[in-house]
Every structure is written in structure tokens, then in C-alpha cells.
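One-letter residues, chain by chain:
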Amino acid sequence: MDQRPSRRPAPRPPEGTPARSELAGMARSELAGAARVARWADSALGPGRGGATADGKATLSDATAEQAAQDLGLTAAQVRADWDTARLAGLVEVHGGRARPGWRLRAWNRDDSAVLRGWVALFDAWSLACPEPAGHAPAAVAEVVSAMPQVLSFLQLSAGPVPVAQLLDLLEQRVTELRTERCEIPYGPQPEPVAPQPVDDTPLAPLLDWALRALASVGALTYGDGQATLTPLGSWAVWVKLEQICVAAQSPAGNIEQSAEAMLRGCAQLRPNAARAEYRAWLAARPVGSAVTELLGAARGEDALLRGLAFEALRVVGAPAEPDVRAVLDEPTLRPYALLWLAEHDGVDPEDAHEVLTREEATWLWVDTAAAVADHGEAPLLVRHLESAVQPTVPALLDEVRAVGHPRTVQVLVALAAAHPDPALAKAVRRAAFQVHTGGS
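All of the points below concern the structure found in this document.

1. Comments concerning the overall build of the protein chain
Helices and strands together make up the secondary structure of the protein chain, namely 22 helices and 5 strands. Taken over 441 residues, the protein chain has a buried fraction of 43%. Relative to all contacts within the protein chain whose residues are 6 or more apart in sequence, the contacts with residues 24 or more apart total 64%. Of the accessible surface of the protein chain, which amounts to about 23,300 Å², a share of 54% is contributed by carbon and sulfur atoms.

2. A look at helix 6 (residues 112-124)
Between the first and last C-alpha of helix 6 there are 18 Å, a value that for 13 residues agrees with the 18 Å anticipated at 1.5 Å per step. Within the sequence span of helix 6, burial applies to Ala114, Val115, Leu116, Gly118, Trp119, Val120, Ala121, Leu122 and Phe123. Its side-chain oxygen 2.9 Å from the backbone nitrogen of serine 113, aspartate 111 forms the N-cap of helix 6.

3. Brief notes about the pattern of salt bridges
A side chain of one charge can pair with a side chain of the opposite charge when the charged atoms of the two come close. Inspection of every chain in the model, using the stated rule, returns 18 salt bridges. The partner of aspartate 368 in a salt bridge is arginine 307, and the shortest N-O contact between them spans 2.9 Å. Of the two residues, aspartate 368 is situated in helix 18 (residues 359-376) and arginine 307 in helix 15 (residues 304-317); the sequence distance between them amounts to 61 residues. You'll find aspartate 368 and arginine 307 in the same group, each marked buried. The closest approach of N and O atoms between glutamate 361 and arginine 335, which form a salt bridge, is 2.6 Å. Taken together, the positions of glutamate 361 in helix 18 and arginine 335 in helix 17 (residues 335-345) put the pair 26 residues apart, joining distant regions of the chain. The exposure class of glutamate 361 is buried, given its relative accessible area of 13%. Through salt bridges with shared partners, one network takes in Glu261, Arg265 and Asp303.

4. Concerning the side chain of threonine 409
Of note, threonine 409 is situated in helix 21 (residues 409-419). Classification of threonine 409 as buried rests on a relative accessible area of 2%. Within the local environment of threonine 409, its side chain forms a polar contact with the backbone oxygen of histidine 406, the two atoms lying 2.7 Å apart. Dropping the residues within four chain positions of it, threonine 409 is found in contact with Val367, Val401 and Val436.

5. Comments concerning the nonpolar core
By size, the foremost hydrophobic cluster in this structure holds 69 residues, and its most contacted members are Leu91, Trp119, Met148, Leu171 and Trp236. The element best represented in this core is helix 8 (residues 138-158), accounting for 8 residues. For leucine 171, the residues in contact, after removing those within four places along its chain, are Val144, Ala147, Met148, Val151, Leu204 and Leu208. Residues Ala304, Leu306, Ala313 and Trp341 belong to the second largest nonpolar core, which totals 60 residues.

6. A word on the packing of helix 20 (residues 394-404) against helix 22 (residues 423-438)
Across the interface, helix 20 lies against helix 22 with an axial gap of 10 Å and an inter-helix angle of 15 degrees. Between helix 20 and helix 22, the crossing angle belongs to the class labelled roughly parallel. Helix-helix and strand crossings are classified by hand; for helix 20 and helix 22 the assignment is right-handed. Across from Val394, Leu398 and Arg402 in helix 20, the residues of helix 22 making contact are Leu425, Ala428, Val429, Ala432, Gln435 and Val436. Classifying every residue of the contact of helix 20 with helix 22 by side-chain character gives 7 nonpolar, 1 polar and 1 charged.

7. Regarding the packing of helix 8 against helix 10 (residues 205-217)
Contact geometry for helix 8 and helix 10: axes closest at 10 Å, N-to-C directions at 60 degrees. Judged by the angle between their axes, helix 8 and helix 10 are oblique. As for the relative orientation of helix 8 and helix 10, their crossing is right-handed in sense. Mapping the contact onto sequence places Ala140, Val141, Val144, Val145, Met148 and Leu152 in helix 8 and Leu207, Leu208, Trp210, Ala211, Leu212 and Leu215 in helix 10. Each residue belonging to the contact of helix 8 with helix 10 can be placed in one class, and the counts come to 12 nonpolar, no polar and no charged.

8. Some points on unusual backbone geometry
Of note in the backbone geometry, alanine 159 takes a positive phi value of approximately 50 degrees without being a glycine. Inspection of the secondary structure assignment puts alanine 159 in the loop between helix 8 and strand 3 (162-163). Note on alanine 159: relative accessible area 70%, which makes it exposed. Phi is positive for aspartate 225, which is not a glycine, with a value near 55 degrees.

9. Details of the sheet that holds strand 3
The strand order 3-5-4 describes an open sheet built from 3 strands, whose pairing is antiparallel. Strands at the two margins of the open sheet, each flanked by one partner only, are strand 3 and strand 4 (221-224). Pairing between strand 3 and strand 5 (residues 227-230): 2 bridges, direction antiparallel. Residue proline 163 lies in a different strand from strand 5, and its bridge partner there is glutamine 227. On the sheet, helix 8 packs against strand 3, strand 4 and strand 5 and is oriented at approximately 75 degrees with respect to strand 5.

Basis of the calculations
- Residues numbered from 1 in each chain as written.
- Predicted model: local features only at pLDDT ≥ 70, side-chain atom pairs only at ≥ 80, totals over all residues.
- Heavy atoms only, no water.
- Helix = DSSP H or I, 4+ residues; strand = E, 2+ residues; numbered from the N terminus.
- Buried < 20%, exposed > 50% of the residue type's maximum accessible area, 1.4 Å probe, protein only.
- Contact = heavy atoms within 4.5 Å.
- Areas by Shrake-Rupley, 256 points an atom, 1.4 Å probe, with all protein chains shown as cover.
- Expected span 1.5 Å × (residues − 1).
- Polar contact = N/O pair within 3.5 Å; in protein donor to acceptor, adjacent residues only side chain to side chain.
- Salt bridge = Lys/Arg side-chain N within 4 Å of Asp/Glu carboxyl O.
- Core = buried A, V, L, I, M, F, W, Y, C linked by side-chain atoms within 4.5 Å.
- Axes fitted to C-alpha atoms, helices over the stretch in contact; angles between N-to-C directions.
- Parallel < 35°, antiparallel > 145°, perpendicular 65-115°, else oblique.
- Left-handed = near helix turned anticlockwise from the far one by under 90°.
- Nonpolar A, V, L, I, M, F, W, Y, C, P; charged D, E, K, R; others polar.
- Pairing = 2+ DSSP bridges.

Set out below in C-alpha cells:
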């Protein structure tokens, strides 16, 4: 008898949902200003032209904003607003002081999926679209952001205008639930009495007003006259999110509630497509930012297999992970993986991505991958791994492996010597392992 759990049906799109092409047209309309500024940046800030930003991060310099405003017939404030929207939607990317078009801009006129993904990326970033009100504790703001998916789901189920007072009541209930979950005391004996948690009496009405205004600014809802209504785009986006949750609930290997490390270990024996399905399910159940942070934390551990799998999961995340991946380039353990991830993200063919690595970085990655194979694979795999080395001969590989300083070098060489069927080569590898171990040459 098949003991697998029955699959839950995915939620149906709301009745009256426009066709995909119509939704893409709405998204293009919402993002028209952002696309216009992104195209201007593509022509005015390309290679050999002026810098885009003042701080090397993302903020337009005054001179650039004024130039764009003059060229496009806008105010500098409008340019800055459209620029921020373009970045959030993936229409423009900033690298250092340079701007370049995102892949979605290249596909803007021919690919409805690219347009809708761009708008959903903006929808996901609604809390960045408008400045949060001053004078509120960051924790309260974070609670409201965490609670808004339930508010949006209620708006979708209502399929029409909902009074703000009703939304405020729902928000207050959800925030109370979040605080209760955070303050739960674990079962078992407690070493000392737990001090009562202070009650946060932050008024939520101003924060709900901010959230609704921000969501209205990205085109997800209309807000006014004391009520809010999802737009067709907003209703469709909420349905997409609910569908993702259903997919996550059907996680075939049951890793959805695991930590990143445990999830990656659970995926280690899966075929690539099955593993990607697990990554998608695990990611769908978490905010993108915290998921990326957790995956990079797992990648920093001692298990080289988890390092490689973590970056495979980050490939599923895609563009939202780029700033965090770029930020780890200074970490020697993660740098080769990050360079390959960024190269593929930039459109380099995966088979050619290794060319972005220096010889030393490629050698370090070879040792790290060999460590993963030695720990989790079979001997023939380790022997075949020799073929992936960039060095043309085994003696050249051994010389560079000894010099690269990977902490697992000795164990890798010992395992390779034990696995290789050629006695002469195995002897040379054992000699190299001994030299690394003793510090000889």
C-alpha cells in the first residue's frame, strides 16, 4: 500500500483573475517609470561613461539624478523613486559605482514571465518601497511586516473592499500570536524562573497605515476612504504565494521545518531535480533574507558537501541572494563558490563559469570538492574527480594542492591514495600527503 501522504490541491486562482498576458500588461504599466529610468541608465551609464552612484552601493549621485531628470523631463525626486523601484524589480543592477541593466529589462518586451517576476520581486519588497514611520521600535515594524501576509490573504478572500478597522483588528491578533510564539517557554525543568516578558504597547494603526500605503505604492492594492482593496495584480500575487505555501507543505522529503543544515543533509542523496524541489519548498516557507543568511551559515561549516549544496540552493533563490553572495567574496572558504554563483547569475554558461577563478582558487575548490567526495562519496568518484583538476598532470596538481593551504589537504590526499588503482600514482599522492603533514617540500 502506498504510504505517502496525499498531496494537497493547490489553491485555485481567484475567479475573474485576468489572463497572464493581461496581468503582464498591468505589471508593465506599474513599472513603466522604472523601466524608463533603467533604459536611460543602460545608455547613459554604460562602460566608459559616468558613475551611477555616490556611495558605491545604490543611491544615485546628485549629478546623475539631475542629468536623468533633464534627459527624461522629470524631477530629480521622480528619478530617484523610479530608480529605487527599478532596483527592487531587478530592472537595473548596481555593482560598485556602475549600473547595468538587469536580465528582466532585456526581456521586458518579449517575456511576460520576466515582467511578472519583476513585479512580484517589487511586491515582495513592499516594506522598502516607502519609508517606515519614525518613532516606532524596529521590533514592532518587523512584527507588522511578518503579519501582513495574513492580512493580504484576508483581503484576497474578501474579494472586495475591507474596512481598515477590520484589518487593524486582524493585524493586532496576528501580532499578538507572533509575540506569544516568541515568548513560549520550552518544556522540561527550568534552571531559574523566567522573567515575565514586557508587553509592547506600540500602537499598530500608524504601522498598518504605512504598510497599506507601501503596498498601494507598488500597485498591490488601492487604499482610501477608510478601506483597502486588492488590485488584480495584488490578488494574483497573493494567490501565487499561497500556491508556493501549498508546494512547500508537500515537501516530498519532509525537510520544510528543518534548519538549513539539516535540510541540506536531507537533500544530499537526492537527484538534482528532487533536491531543487526540496530547496524550493524550504525557501517558500521562509522570508528570503533569513533563508539566505541561514544557507550561508551552513556553507561556513566544516562539511564541504553542505557548502556546495548551500550554493545550489542559493541558485534556486536567484537574484535576491546576490547582495549576500557578493558580500562573502572576502571569505576564502566561500569565495570560489561565490564567484561561480555570481558568474552564472550574470549569464555565463555554467560550463565556462570556472574561468572566473584564479588557478589558486580553482585548486582550492578542487580540494574542497574532493573533501566532500571523500566524506560522502565512493572511492571511484574520488578517482574520477582527478579528471576535473585544472592542472595538466598529477605532479603539477600535487604541487599546487600542497601550496594552496586547504585545511583538508592531508585527508583528501590520503583518501585519494587509498582509492587509486595505480600503485605508482598512489605512492606519489601518499608522499605528497606526508609532505603536507610534516611541512616538508
